[in-house]
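If you want the building blocks of each chain, they are given just below.
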Amino acid sequence: MGERMNEAIQKLKEIQQKNLLGGGLEHIERQHSRGKMTARERIDCLIDPGTFQELGSCVGTTGSRIDGKKSEAPCDGAIIGTARVDGRMAAVYASDFTVYGGSIGTQHLQKCAQLINLAARWGIPMLWLLDSSGGRLGYRDVPTGGLDWYFALESRYSGLIPQINVLMGPCIAGQAYAPALCDFLLMSRVSANLWLGGPRMTEAATSEKIGREVGGADYHMTYSGTCDVVGETDEDTIKKARRLLSYLPSNYRETPPYKQPADDPGREVNGLLNIVPDQYDLTYDIHEVIKLLVDDGDYFEIKETYAPNLIACFCRFNGEAVGLVANNPREPGSILEIDSCDKYYRFLQVLDAYNIPLVNLVDTPPVVPGEEQETKGLLRHFGKILDTYATATIPKISVILREAYADAGSIIMGGVKGMGVDLCYAWPIARFAVQASRFDIRRAYSQGVEEDAHEGYLNRSREKVDVFEAAKSWTAQIVDEVIEPKETRKRIIEALQITRNKREKLPQRAKYHGTPPT
């Protein structure tokens, strides 16, 4: 090997060694003192050991500040590359907060944007490990409107490759749209904050004082619904991202990874009778039902404390990844309202994009009317689910446990065949009705309703029809079969096997999307 090659290799090693320190030991110690991991520590936590192949490691700018001073930025604060996660290839981007607070300069922007492009071309998931103060203010190297690249690429490749954002630091102003555009957002309770306008910016603009907790992980999980999963620490949040990815395919052309089950596919679930009361006015926790039904009692819940009256989770039946949506009678009667509609709609979009079958566990009264809900656009929010459910081409399987009333239970939870459910089973105690109320319809319509109409038609709308009455004729278009509760797991597994080769195409359009309600 010649002297020139030796010198070149030595130069490369020096750059790589400098990159390992990021913004320097002082900044690394400060990061640790805040309970945060460094960018490279986060990458190591996410990936299979020794599989990270860095790209753009020699990129490094010398920032020219407005005051004329210069400072170095190893990797320009953006560490990117490919790695394996549970044996599967993925693209990884980590912003380095020790370098200019993880702020976005021109090279930083280009590295991330190019990685998104490459991930889509290669058909591999895109994982963001975000800890950034936003645009690089105070320096001449400011990407003018650079965030538009993020937004455009995230949107164009949405549904083509899984995009998972793990937020472990601040994310403010324009950049805050980036996590919201990903398929899933995970936030660290100890370090993440997400604001369109942070406390200081909000006070300066409106004089309103808000606390840091407003943009924290629990706030966005419980109130805004922006966050999908909360982790206790950076490490815990990253491990949850690994687990989430295990339920998703690498791209829209593939199916989710299969996991060899230890659970018996023919297992009877006798314990369900001890959980679900046969008296309709008694409640129970649907989580206990899910634990008994799925492989090894293991499931991964999305938006756990947001709209808890509806459960959305990933799980497996006989090793096959499934998205499960269930009403939870423990929470205000499992009634559907605007927040639960949004939760269901978003989850169903992801399932359909990535070929993940849908299983519904149904036990719900109707959607609740009222001035507050109507004013906020309940019809529009409900309409989104109608549109998405009807146009979803994935296998759709439903089990009605007790009640399926009106639009909430019978239509959007897969309780009627016309909406496109592939197989709908019902327990022997299941019953159906247009409405659950005992309200006298004549009071709503006042005079002008004939007396015999009340008994002959209007009162019929709240009459409860049991499953055997509904199953007498196929024209009822409700259930395919009445099953014993203990058979539920076995029947779901059989239904997944039956629908495995389902191929359904929507009518051809010049554009690939319709115009659903917003």
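Every chain begins its residue count from 1, and numbering advances along the sequence as written. It should be noted that, the model being predicted, local features are given only for residues of pLDDT at least 70 and side-chain atom pairs only at 80 or more, the latter also being counted only at that level, while totals for whole chains, interfaces and linings use all residues. Calculated side-chain values reflect all of the structure's heavy atoms, with hydrogen atoms and water omitted.

Draft legend 1. Structural view of the packing of helix α4 (residues 106–122) against helix α5 (residues 147–156). In this description, a line fitted to the C-alpha atoms serves as the axis of each element, helices being fitted only across the stretch in contact, and the angle between N-to-C directions of two axes falls anywhere from 0 to 180 degrees. In this description a helix means any DSSP run of H or I spanning at least four residues, a strand means any run of E spanning at least two, and both kinds are numbered starting from the N terminus. In contact at an axis separation of 10 Å, α4 and α5 are set at 10 degrees when each is read in the N-to-C sense. For the element pair α4 / α5, the angle class is roughly parallel. Listed contacts from α5 to His108, Leu109, Gln110, Cys112, Ala113, Ile116 and Asn117 of α4 are Trp149, Tyr150 and Leu153. In this classification, Asp, Glu, Lys and Arg are treated as charged, Ala, Val, Leu, Ile, Met, Phe, Trp, Tyr, Cys and Pro as nonpolar, and every other residue, Gly included, as polar. Here the residues of the contact of α4 with α5 are counted per class, giving 7 nonpolar, 3 polar and no charged. Here the angle decides the label: under 35 degrees means roughly parallel, over 145 means roughly antiparallel, 65 to 115 means roughly perpendicular, and every other value means oblique. Here a residue-residue contact requires only that any non-hydrogen atoms of the pair lie within 4.5 Å.

Draft legend 2. Inspection of the pattern of salt bridges at higher detail. A pairing counts as a salt bridge when a side-chain nitrogen of Lys or Arg comes within 4 Å of a carboxyl oxygen of Asp or Glu. One pass over the structure, following the stated rule, counts 27 salt bridges. Salt-bridge contacts for Asp285 lead to Arg330; the nearest nitrogen and oxygen are separated by 2.8 Å. In this pair, Asp285 sits in the loop between α9 (234–245) and α10 (286–293) while Arg330 sits in the loop between β14 (320–327) and α11 (338–353), placing the two residues 45 residues apart along the sequence. Per-residue accessibility, obtained with a 1.4 Å probe over protein chains only, is compared with the maximum for each type, and a residue is labelled buried under 20%, exposed over 50%, and partly exposed between these values. Overall, the relative accessible area of 54% leaves Arg330 in the exposed class. With a shortest N-O distance of 3.7 Å, Glu288 and Lys291 are connected by a salt bridge.

Draft legend 3. Structural view of unusual backbone geometry. Positive phi, close to 55 degrees, is recorded for Asp86, a residue that is not glycine. Structurally, the position occupied by Asp86 is in the loop between β4 (78–85) and β5 (88–95). Taking the relative accessible area as the measure of exposure, Asp86 reaches 47% and is therefore partly exposed. Look at Lys303: it is not a glycine, yet its phi comes out positive at around 50 degrees. Along the chain, Lys303 falls in the loop between β12 (299–302) and β13 (310–317). By relative accessible area, Lys303 is classed as buried at 7%.

Draft legend 4. Summary view of the environment of Asp466. Relative to the helices and strands, Asp466 resides in strand β19 (residues 465–466). Given the relative accessible area of 39%, Asp466 is considered partly exposed. For Asp466 and Phe432, which are 34 residues apart along the polypeptide, the C-alpha to C-alpha distance reads 6.3 Å. Non-local contacts of Asp466, meaning those with residues more than four positions away in its chain, are made with Ala430 and Arg431.

Draft legend 5. The environment of Gly414, seen in detail. Locating Gly414 in the fold gives a position in the loop between α14 (406–411) and β17 (423–426). Residue Gly414 is classed as buried on the basis of its relative accessible area of 0%. Linking Gly414 and Ser398, residues 16 residues apart in sequence, is a C-alpha distance of 5.7 Å.

Draft legend 6. Representation of the sheet that holds β5. Across the sheet, 7 strands lie side by side as β1-β4-β5-β6-β7-β9-β11; this open sheet has mixed pairing. Strands with a single pairing partner mark the edges of an open sheet, and in this sheet they are β1 (53–55) and β11 (229–231). On average, each strand axis in the sheet is inclined to that of its neighbour by 20 degrees, with strand direction left out of account. Here, any two strands with at least 2 DSSP bridges between them count as paired. Judged from the 8 bridges that link them, β4 and β5 form a sheet pairing that is antiparallel. What sits directly across from Ala78, in β5, is Ser95. Sheet strands touched by α4: β1, β4, β5 and β6 (126–130). Its angle to β5, the strand with the most contacts, is close to 165 degrees.

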